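Geometric and topological summary
These are the residues of each chain, in order.
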Amino acid sequence: MAEPVLEIRGLCKQFGALRASDNVDFDLLPGEVHALIGPNGAGKSTLIKQIAGEIMPDVGVIRFAGRDVTGLNAVARARMGLARSFQVSSVCGEFTVLQNVMLAVQGRLRRSYRFFRPALSDRRLTDPARAAIARVGLSQREGVRAGDLSHGERRALEIALALALKPKVFLLDEPMAGMGPEGARSLTGLLDGLRHEAPILLVEHDMEAVFALADRISVLVYGRIIATGTVAEIQNDAAVRAAYLGEEEAR
Ligand code: ADP
Ligand code: MG
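Residues numbered from 1 in each chain as written. Chains lettered and ligands numbered in written order. Predicted model: local features only at pLDDT ≥ 70, side-chain atom pairs only at ≥ 80, totals over all residues. Heavy atoms only, no water.

1. Some remarks on the site of ligand 1
Test applied: Consider each residue's heavy atoms; a residue with any of them within 4 Å of a molecule or strand counts as near. Here a polar contact is recorded for every N or O atom pair within 3.5 Å, except that within protein the pair must consist of a potential hydrogen donor and a potential acceptor, and residues adjacent in sequence are included only if both atoms are side-chain atoms. Using a 1.4 Å probe, the Shrake-Rupley method yields the accessible areas, and only the shown protein chains count as cover for residues.
Taken together, F15, L18, A20, P39, N40, G41, A42, G43, K44, S45 and T46 are the residues near ligand 1. With respect to ligand 1, the backbone of G41 contributes an N or O atom lying 2.8 Å from an oxygen atom. At 3.0 Å, a backbone N or O of G43 approaches an oxygen atom of ligand 1. Starting from 560 Å² of accessible surface for ligand 1 in isolation, the protein chains cover 59%.

2. A closer look at the packing of helix α4 (residues 123-135) against helix α5 (residues 151-164)
Keep this limit in mind: An axis is simply a line fitted to the C-alpha atoms; with a helix, the fit covers only the stretch in contact. Between two such axes, the angle follows the N-to-C directions and lies from 0 to 180 degrees. Secondary structure elements follow DSSP: runs of H or I of four or more residues count as helices, runs of E of two or more count as strands, with numbering from the N terminus. Every angle not falling under 35 degrees, over 145, or within 65 to 115 is termed oblique; those three ranges are roughly parallel, roughly antiparallel and roughly perpendicular. A crossing counts as left-handed when the near helix is turned anticlockwise from the far one by less than a right angle, and as right-handed when that turn is clockwise. Here a residue-residue contact requires only that any non-hydrogen atoms of the pair lie within 4.5 Å. Polarity classes work like this: nonpolar for Ala, Val, Leu, Ile, Met, Phe, Trp, Tyr, Cys and Pro, charged for Asp, Glu, Lys and Arg, and polar for all others, with Gly in that last group.
Here α4 crosses α5 at 135°, and the two axes come no closer than 8 Å. When the interaxial angle is binned, α4 and α5 end up oblique. Handedness of the α4/α5 crossing: right-handed. Counted together, A132, I133 and R135 of α4 and A160, L163 and A164 of α5 form the full contact between these two elements. Tallied by class, the residues present in the contact of α4 with α5 amount to 5 nonpolar, no polar and 1 charged.

3. Quick look at helix α1 (residues 44-52)
We count it as follows: Burial here depends on accessible area, computed with a 1.4 Å probe over protein chains only, as a share of the maximum for the residue type. Under 20% is buried, over 50% is exposed, and the range in between is partly exposed.
Among the 9 residues in α1, 7 count as buried, and that is most of the element. Residues of α1 that are buried include every one of K44, T46, L47, I48, Q50, I51 and A52, and no others. Just downstream of α1 lies G53, where phi reads positive at about 85°.

4. A word on the pattern of salt bridges
Pairs may arise between side chains of opposite charge once their charged atoms sit close together. Our working definition: Only one rule defines a salt bridge in this text: a Lys or Arg side-chain nitrogen within 4 Å of an Asp or Glu carboxyl oxygen.
Taken as a whole and judged by the stated rule, the model has 21 salt bridges. Here E208 and R185 are joined by a salt bridge, their closest N and O atoms 4.0 Å apart. Of the two residues, E208 is situated in helix α7 (residues 207-213) and R185 in helix α6 (residues 181-194); the sequence distance between them amounts to 23 residues. Side by side, E208 and R185 carry an identical accessibility label, which is exposed. The partner of D215 in a salt bridge is R195, and the shortest N-O contact between them spans 3.2 Å. A residue pair is termed long-range when its members are at least 10 positions apart, and D215 in the loop between α7 and β8 (216-221) and R195 in the loop between α6 and β7 (200-203) qualify at 20 residues. Since its relative accessible area comes to 35%, D215 is described here as partly exposed. It is possible to trace a salt-bridge network through shared partners that takes in E7, R9, D27 and R63.

So, in structure tokens, the structure goes:
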């Protein structure tokens, strides 16, 4: 088996008496979409935040690209290419689509070339920014203020930002939230293209999207991973059906 890009062992995080992460083991392999599903409050976002370094585990180890990053803060992890994608805070509503993506490219280049001071007309910024914008189908909208985009276009912009940052993993926490069925399908197509750039840890409630995208699924219930397997394995897992999927169907 290929060496995991992300390797989590024995992660525990408690909030008071509540176990949000209860001895979690999790691997993200090169090239895979690994979905993390589970009921509200299961601890999915808490796990993502610990991976990104936004909150620290009580116990356990997070290895990324072969290195123990458990003691590193979020900024240091982001520099290594381990950061949450789709952070609403990373979009500036006053800036155009192109300016937003150029800023992301600029941030990445600064990481690589310490003395590089790019100008906003610099082709080293505009070319990769326009390429990312084209990938998500927003070329016609590059001059529009991000604040004036539709909900679906804004999601597309967030993906362009994620692409421009060239992370080593995509950590996505409910990217489909608030999308209608049509928007969700088009976003699924865009996410499917991301897997060629870097492996994806996908937290998502939209089961249609999860079943379409995931190579593997892990199921988190009360902070514990109760099963990990292929889509078919998880769909047929009795414990998973009882704890989660059955409940979804009953809604
Ligand atoms: P999910 O993303 O699976 O819906 P979360 O990771 O957001 O779940 O939350 C898991 C549990 O931990 C929930 O019961 C939530 O209320 C609790 N929780 C999350 N963050 C905090 C916090 N900072 N302080 C106290 N409790 C928290
Ligand atoms: Mg959550």
